[in-house]
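Next come the chains, spelled out residue by residue.
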Amino acid sequence: MKTKITLHFYAKSTKANANGLLPIYVRLTVDGKRLEFSTKKFVEKTKWSNELSKMKGTSEEARSINSYLDLMKAKVLEA
């Protein structure tokens, strides 16, 4: 039996902190059942790409966050 798994990262604008940074959330869907949780990482709204579900640019911060998200995705899909 095959299980359909969908993983999506997004910056949640309704939960911005006092500095104006948006938390990055994960939306995991397994066979139509949805679960959302925080990655504990924050990003500026202008530096987030909704289309790619990643941080824009090639700065050290962007590379660090994007590699963290890739690692998190691999661990979730492995489980």
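Residues numbered from 1 in each chain as written. Predicted model: local features only at pLDDT ≥ 70, side-chain atom pairs only at ≥ 80, totals over all residues. Heavy atoms only, no water.

**Some thoughts on the overall build of the protein**
Within the protein one finds one helix and five strands. Reading the protein from its N end, one meets helices and strands in the order β-β-β-β-β-α. In terms of its C-alpha atoms, the protein occupies a principal-axis envelope of roughly 45 × 25 × 20 Å. Counting across all 79 residues of the protein, residues that qualify as buried make up 29%. Considering only contacts within the protein whose residues lie at least 6 apart along the sequence, 31% involve residues at least 24 apart. (Helix = DSSP H or I, 4+ residues; strand = E, 2+ residues; numbered from the N terminus. Buried < 20%, exposed > 50% of the residue type's maximum accessible area, 1.4 Å probe, protein only. Contact = heavy atoms within 4.5 Å.)

**Observations concerning the packing of aromatic side chains**
Throughout the structure, instances matching the rule amount to one aromatic pair. An angle of 35 degrees between the planes, with centres 6.1 Å apart, marks the rings of Tyr-10 and Tyr-25 as tilted. Here Tyr-25 lies in strand β2 (residues 22-30) and Tyr-10 lies in strand β1 (residues 5-11), a separation of 15 residues in the sequence. As far as burial versus exposure is concerned, Tyr-10 and Tyr-25 are alike and both buried. Lys-41 extends its terminal NZ or CZ atom over the ring of Tyr-68, reaching a point 4.6 Å from the ring centre. (Phe/Tyr/Trp six-rings, centres within 6.5 Å; stacked < 30°, edge-to-face > 60°. Lys NZ or Arg CZ within 6 Å of the ring centre and 35° of its normal.)

**Focus on the side chain of Ser-49**
For Ser-49, the position within the fold is in strand β4 (residues 48-49). Given a relative accessible area of 7%, Ser-49 falls into the buried group. Reaching out from Ser-49, the side chain makes a polar contact with the backbone nitrogen of Leu-52 at a distance of 3.2 Å. Aside from chain neighbours lying at most four places away, what touches Ser-49 is Lys-54 and Lys-56. (Polar contact = N/O pair within 3.5 Å; in protein donor to acceptor, adjacent residues only side chain to side chain.)

**With respect to the nonpolar core**
Phe-9, Ile-24, Val-43, Trp-48 and Leu-69 are the most contacted members of the largest nonpolar core, which totals 14 residues. Counting residues per element, the ones that place at least two in this core are β1, β2 and α1 (60-78). In this structure Trp-48 touches Phe-9, Tyr-10, Ala-11, Ile-24, Val-43, Ser-53, Lys-54, Met-55, Lys-56 and Leu-69, once residues within four positions along its chain are discounted. (Core = buried A, V, L, I, M, F, W, Y, C linked by side-chain atoms within 4.5 Å.)

**Section: the sheet that holds strand β3 (residues 33-43)**
Strand order in this open sheet of three strands is β1-β2-β3, and the pairing throughout is antiparallel. Strand pairing shows two members of the sheet lacking a second neighbour, β1 and β3, which therefore form its edges. Strand-to-strand, the axes of this sheet are offset by a mean angle of 20 degrees, without reference to chain direction. Pairing analysis gives eight bridges linking β2 to β3, with the strands arranged antiparallel. Among the inter-strand pairings, Arg-27 is bridged to a residue of β3, identified as Glu-36. (Pairing = 2+ DSSP bridges. Axes fitted to C-alpha atoms, helices over the stretch in contact; angles between N-to-C directions.)

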